[in-house]
Amino acid sequence: MTATVQTRARIGPVAANPYPWPYDGSVDAARTALICIDWQVDFCGPGGYVDRMGYDIGLTRAGLPATARMLEHARATGMLVIHTREGHSPDLSDLPANKRWRSARIGAEIGSAGPAGRILVRGEPGWQIVPEVAPVPGEVLLDKPGKGAFYATNLDLVLRTNGITHLVLTGITTDVCVHTTMREANDRGYECLVLSDCTGATDPANHDAALHMVTMQGGVFGAVATSTAVIEGTTR
């Protein structure tokens, strides 16, 4: 009897800017992680941190439909899926004084009570990931106290333990937590791709500028593409 050979999905080359991604032509989906950064009520839901600051949450929610599609694709092709949440312990012992001061200055003090519970505090309703892109059992859920997903977390250990070499990034906001994570990952040798339609910022100009920065110097931090390009660039 002849054994059935199962073909594993490969990603790439993906139509991206400024180069077809990944740099090494293609990658096994099992060596690729989809990182969904901070899709929390506090950043894209009513009554959360961003809403309390007075920004338009329609801008931070803009990438949700494409991210939901990308999640389906990642799950179907065997990519490692990682979700992150930014937040602080209930006693605020891990909240830097200057971060608390800045948030208070703009009317949304971290730790204070709001419509979605205490702002950016772990365990509160606002800290939870919105249902459109919620984790499913078996996916990595990583909590972080800062902007970058590598800072004060075990993300690098999780990636290396699972043999991950390539990262696809979604999340909010493009110019802060997503960009910081991409820069951290690039310095650690990961080949990065940020999805323009799966990200968002509180200011469209900041979103565009953050994506443009990635493309400078031949792709100083990696490359930029759409979720559609990744899906179309995947073979099984």
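Residues numbered from 1 in each chain as written. Predicted model: local features only at pLDDT ≥ 70, side-chain atom pairs only at ≥ 80, totals over all residues. Heavy atoms only, no water.

As named in an unreviewed UniProt entry, the protein chain is Putative isochorismatase hydrolase, taken from Pseudonocardia hydrocarbonoxydans.

Trainee: What am I meant to see in the packing of aromatic side chains here?
Mentor: For any pair of aromatic rings, the description consists of the separation of the ring centres together with the inter-plane angle of the planes. Summed over all chains, the structure comprises two aromatic pairs. Geometrically, the ring pair formed by F43 and Y49 is edge-to-face, given 6.2 Å between the ring centres and 75° between the ring planes. Exposure class is identical for F43 and Y49. Each is buried. We note R85 situated over the ring of W127; from NZ or CZ to the ring centre the distance is 3.7 Å. (Phe/Tyr/Trp six-rings, centres within 6.5 Å; stacked < 30°, edge-to-face > 60°. Buried < 20%, exposed > 50% of the residue type's maximum accessible area, 1.4 Å probe, protein only. Lys NZ or Arg CZ within 6 Å of the ring centre and 35° of its normal.)

Trainee: Sorry, what's going on with the packing of helix α7 (residues 174–187) against helix α8 (residues 204–215) here?
Mentor: A packed helix pair is summarised by two numbers, namely the angle formed by the two axes and the spacing between the axes. Orientation of α7 relative to α8, taken along the N-to-C sense of each, is 15°, at an axis distance of 10 Å. Classified by the angle their axes make, α7 and α8 are roughly parallel. The hand of the α7/α8 crossing is right-handed. Together, T174, D175, H179, M182 and R183 of α7 and N206, H207, A210, L211, M213 and V214 of α8 make up the contact between the two elements. The class makeup of the residues in the contact of α7 with α8 is five nonpolar, four polar and two charged. (Axes fitted to C-alpha atoms, helices over the stretch in contact; angles between N-to-C directions. Helix = DSSP H or I, 4+ residues; strand = E, 2+ residues; numbered from the N terminus. Parallel < 35°, antiparallel > 145°, perpendicular 65-115°, else oblique. Left-handed = near helix turned anticlockwise from the far one by under 90°. Contact = heavy atoms within 4.5 Å. Nonpolar A, V, L, I, M, F, W, Y, C, P; charged D, E, K, R; others polar.)

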